[in-house]
Amino acid sequence: MDIAGLLTSAGINIAICVVLLSLYSILRKQPSNASVYFTRKLVPEPVKWSDPFCLERFVPSASWIMRAWQATDEEILAAGGVDAVVFMRIVVFSIRVFIIAAMICILLVLPVNYYGQDMQHKQIHAESLEVFTIGNVKEGSKWFWTHCLALYVISCSACVLLYFEYESITKMRLAHITGSPPSPSHFTVLVRGIPWSQDHSYSESVEKFFSTYYPASYVSHQMVYRAGTVDKLMKDAEKMYRVLKTVEPQCREISMPCCLCGGTTHSFKVLNNEAESVKSKISDDGLQPAQREKERPAAFVFFRTRYAAVVAAQVLQSSNPMLWVTQLAPEPRDVYWSNLSIPYKQIWLRKIATLLGAIVFMFVFLVPVTFVQGLTQLDQLSHTFPFLKGILRQKFMNQLVTGYLPSVILMLFLYAAPPTMMLFSKVEGNVSRSGRKKSACIKVLYFTIWNVFFVNILSGSIIRQLSVFSSVRDIPTQLAKAVPTQATFFTTYVLSSGWASLSFEILHVYVSKYESGGQFWPIVHNTTIFSLVLTQIIALGVFGIKRSPVASGFTIPLIFFTLLFNEYCRQRFSPVFKRSPAQVLIEMDRQDEQCGRVEEIYDQLRSAYCQFPLIARDLSTSQDLSTAGNTWQNKDQGSSQDPESLKPGNQLVKLNE
């Protein structure tokens, strides 16, 4: 590929990016989309809707970009929670590392690569991109110290930025734990692997076990029931309940039959009473006779203090590790109820099965990746498809096929990876939505590293790709030989994935249903460290092939320094993301006692984890605890809302006000 092909790819991706950003700029100004784009909460902007045909609504503007970029972490935290701030930190961190690497490489590395051989250069626009890679530098050159220096600057800059980001996000997570209202997940332990007894039900076994071994801290428990037809009916009833609850006030305001609803005002009252009677029968009569048959060997156990819950979650409860397995419960909105019914003894088998399935899927993906790499080699493509020779002789088509199509086709194939990994993570048996997405995220990372990086640089026949990794000792050498030859592909891939692909995400609006407290940052940290070490190993192999002992000697300490830095961060920050400090939990328990919130917390624990939310809502309403319920279920009320409650009409009225 030459410079013209790269510019063609860059031009197409920039044009797509501009079109998508302009389209978003227009759509966000439309009154009908006011309840969709929540950016208005973060970036306030006066909206003029007096004239429905106002020209300003249909003209793209770029002012929102600077306003969104200038938003502070406090504003993002208030609007989207800790996870939103962490996501923006990931974006900003990536941009900073990219800017540093780009400046160092453009000003220092590229000139050395370009003049690395004694050769007659063409005009710059006709030059091949290979002359800008390290492969163009002759063996034994004294200029490899520039590459080593660039490697040191990029690695040290990335490590410094990682440290400050990790430290800041850790403090933010601790502040989130201590500053948020009391969460039921802090007092709750999820118990699985409850042993079966012929004399007692699962519920009686749980009560007997924790009353015996935790008599001072055990409060109560909530069993998990088998989900099936009843669960589906309850969800359908909940949807109807929302509809009737929304329409009912409109019908009460009139004294004549409601033509819109097709009945009188009393018909809704009768229907509501019937629904309440049905729900009361389900909750009081329907579940009790079949309670023992529907119970699953899992339960939510509630404790008096946060510290007692943490101790119970981390201690081995039985001499048989497969029985009475405990862990801190996810927050109520984060619970993945369908996986709680899975027997704990099946979890390890499911993990092995999903691991094998993911590996098979990764190897099946070799076919499209090999096809994509074939597009980058015009000689091989013309030989395989002779009828394309005439088309490929055209300059623009040549640049389009070699510079743009391979990365786009690969990106389209990669869109199948996230839903597939989400399915694997569901089958794996994760009990929380955040845990399922976290597991899928890790699988997608492994999938991307293998297929986008290793398979592409070692492209060819599948037999050759497998034979390359037959000897672990040869991996650095093979990577050092292959990476410079594939530099042009990765350049176009970064353009497509970093510009056009990410721009598509701006017509998407994500409504957070739970708060993980920044649990995804350790994944970003570990992935960055892996990328740095892999880059350094490849550089070490390249310096060895190019016979530069000085550069090779200085690269080895850099690898050890990066690994030591990672170990320090793992010891210093990572434990905070795995478990909460006892000091913080005890202080929070003492504050609850001083403020007199203990009894209120106990009253709310049982209704917090209810498998049938419709019954839970009615119980909390009948006890006149709606205010406390809002504290439990909507503790990040400015950050996330239930999708069902996001009515365009209501949002429009609020914006007009």
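Residues numbered from 1 in each chain as written. Predicted model: local features only at pLDDT ≥ 70, side-chain atom pairs only at ≥ 80, totals over all residues. Heavy atoms only, no water.

## Re the pairing of strand 1 (residues 188-192)
Then comes step 1: Within strand 1, 5 of the 5 residues are buried, which leaves it mostly tucked inside the rest of the structure.
Then comes step 2: Taking every second residue as pointing to the same face, both faces of strand 1 are buried, with Thr-188, Leu-190 and Arg-192 on one and Val-189 and Val-191 on the other.
Then comes step 3: Here 5 bridges tie strand 1 to strand 3 (residues 295-303), and the two strands are oriented antiparallel to one another. Counterpart to Arg-192 in the pairing with strand 3 is Ala-298.
Then comes step 4: Both strand 1 and strand 4 (residues 325-328) contribute to a ladder of 4 bridges, which runs antiparallel. Of the residues in strand 4, the one forming a bridge with Val-189 is Leu-328. (Buried < 20%, exposed > 50% of the residue type's maximum accessible area, 1.4 Å probe, protein only. Helix = DSSP H or I, 4+ residues; strand = E, 2+ residues; numbered from the N terminus. Pairing = 2+ DSSP bridges.)

## Section: a nonpolar patch on the surface
Then comes step 1: Taken together, the side chains of Trp-69, Phe-87, Val-91, Ile-95, Phe-98, Ile-99, Met-103, Ile-106, Leu-107, Leu-110 and Val-494 present a nonpolar region at the surface, about 1,100 Å² in accessible area.
Then comes step 2: The greatest single-element share of the nonpolar patch, amounting to 9 residues, is contributed by helix 4 (residues 73-114).
Then comes step 3: Note on Leu-107: relative accessible area 67%, which makes it exposed. (Patch = residues over 30% accessible without salt bridge, like charges linked within 9 Å, V, L, I, M, F, W, Y side chains within 5 Å. Areas by Shrake-Rupley, 256 points an atom, 1.4 Å probe, with all protein chains shown as cover. Salt bridge = Lys/Arg side-chain N within 4 Å of Asp/Glu carboxyl O.)

## Observations regarding the pattern of salt bridges
Then comes step 1: In the structure shown here, the tally under the stated rule is 11 salt bridges.
Then comes step 2: Linking Glu-428 and Lys-443 is a salt bridge whose minimum nitrogen-to-oxygen distance equals 3.3 Å. On the criterion of sequence distance, the pair formed by Glu-428 in helix 17 (residues 417-428) and Lys-443 in helix 18 (residues 433-457) is long-range, its members being 15 residues apart.
Then comes step 3: Judged by relative accessible area, which is 12%, Glu-428 ranks as buried.
Then comes step 4: Owing to a relative accessible area of 13%, Lys-443 belongs among the buried residues under this scheme.
Then comes step 5: Connected through shared salt-bridge partners, Asp-73, Arg-89, Arg-96 and Glu-165 make up one network.

## Remarks on the environment of Arg-89
Then comes step 1: For Arg-89, the position within the fold is in helix 4.
Then comes step 2: Distance in space between the C-alpha atoms of Arg-89 and Trp-521 is 9.1 Å, their sequence separation being 432 residues.
Then comes step 3: Leaving out residues up to four positions away in the same chain, Arg-89 has contacts with Asp-73, Glu-165, Ser-168, Ile-169 and Met-172. (Contact = heavy atoms within 4.5 Å.)

## Considerations on the packing of helix 10 (residues 306-314) against helix 25 (residues 582-595)
Then comes step 1: Packing of helix 10 against helix 25 brings their axes to within 8 Å, and their N-to-C directions diverge by 145°. Across the interface between the two elements, Arg-306, Tyr-307 and Val-310 from helix 10 touch Ala-582, Leu-585, Ile-586, Met-588, Asp-589 and Asp-592 from helix 25.
Then comes step 2: For the contact of helix 10 with helix 25, a count of residues per class yields 6 nonpolar, no polar and 3 charged. (Axes fitted to C-alpha atoms, helices over the stretch in contact; angles between N-to-C directions. Nonpolar A, V, L, I, M, F, W, Y, C, P; charged D, E, K, R; others polar.)

## Notes on unusual backbone geometry
Then comes step 1: A positive phi angle, close to 50°, is found at Trp-324, a residue other than glycine.
Then comes step 2: For Trp-324, a relative accessible area of 9% corresponds to the buried category.
Then comes step 3: Although it is not a glycine, Arg-547 sits at a positive phi angle of roughly 60°.
Then comes step 4: Relative to the assigned elements, Arg-547 resides in the loop between helix 22 (521-545) and helix 23 (549-572).

## Re the pairing of strand 3
Then comes step 1: Most of strand 3 is tucked away: 8 of the 9 residues are buried.
Then comes step 2: Where strand 2 (residues 218-225) lies against strand 3, 6 bridges are found, and the strand directions are antiparallel. Paired with Ser-220 across the two strands is Phe-302, which belongs to strand 3.

## Remarks on the packing of helix 1 (residues 3-27) against helix 21 (residues 487-504)
Then comes step 1: Relative orientation of the contacting elements helix 1 and helix 21 amounts to 10°, with a least axis distance of 8 Å. It follows from the interaxial angle that helix 1 and helix 21 lie roughly parallel. Of the residues in helix 21, those touching helix 1 at Leu-6, Ser-9, Ala-10, Asn-13, Ile-14, Ile-16, Cys-17 and Leu-20 are Thr-491, Thr-492, Leu-495, Ser-496, Trp-499, Ala-500, Ser-503 and Phe-504.
Then comes step 2: A class-by-class count of the residues in the contact of helix 1 with helix 21 yields 10 nonpolar, 6 polar and no charged. (Parallel < 35°, antiparallel > 145°, perpendicular 65-115°, else oblique.)

## Structural notes on the packing of aromatic side chains
Then comes step 1: Here the structure, examined in full by the defined rule, presents 32 aromatic pairs.
Then comes step 2: Plain terms: the ring middles of Phe-209 and Phe-210 are 5.1 Å apart, the flat faces sit at 75° to each other, and that makes the pair edge-to-face. Grouping residues by exposure puts Phe-209 and Phe-210 together as buried.
Then comes step 3: With a centroid separation of 5.7 Å and 80° between ring planes, the pair formed by Tyr-214 and Phe-303 is classed as edge-to-face. (Phe/Tyr/Trp six-rings, centres within 6.5 Å; stacked < 30°, edge-to-face > 60°.)

## Some words on the sheet that holds strand 3
Then comes step 1: Here we have 4 strands laid out as an open sheet, ordered 2-3-1-4, and antiparallel in their pairing. The two strands at the open ends of the sheet, each matched to only one other strand, are strand 2 and strand 4. If you compare each strand with its neighbour and ignore which way they point, the axes differ by 25° on average.
Then comes step 2: Strands strand 1, strand 3 and strand 4 of the sheet are contacted by helix 10, whose axis makes an angle of about 140° with strand 4.

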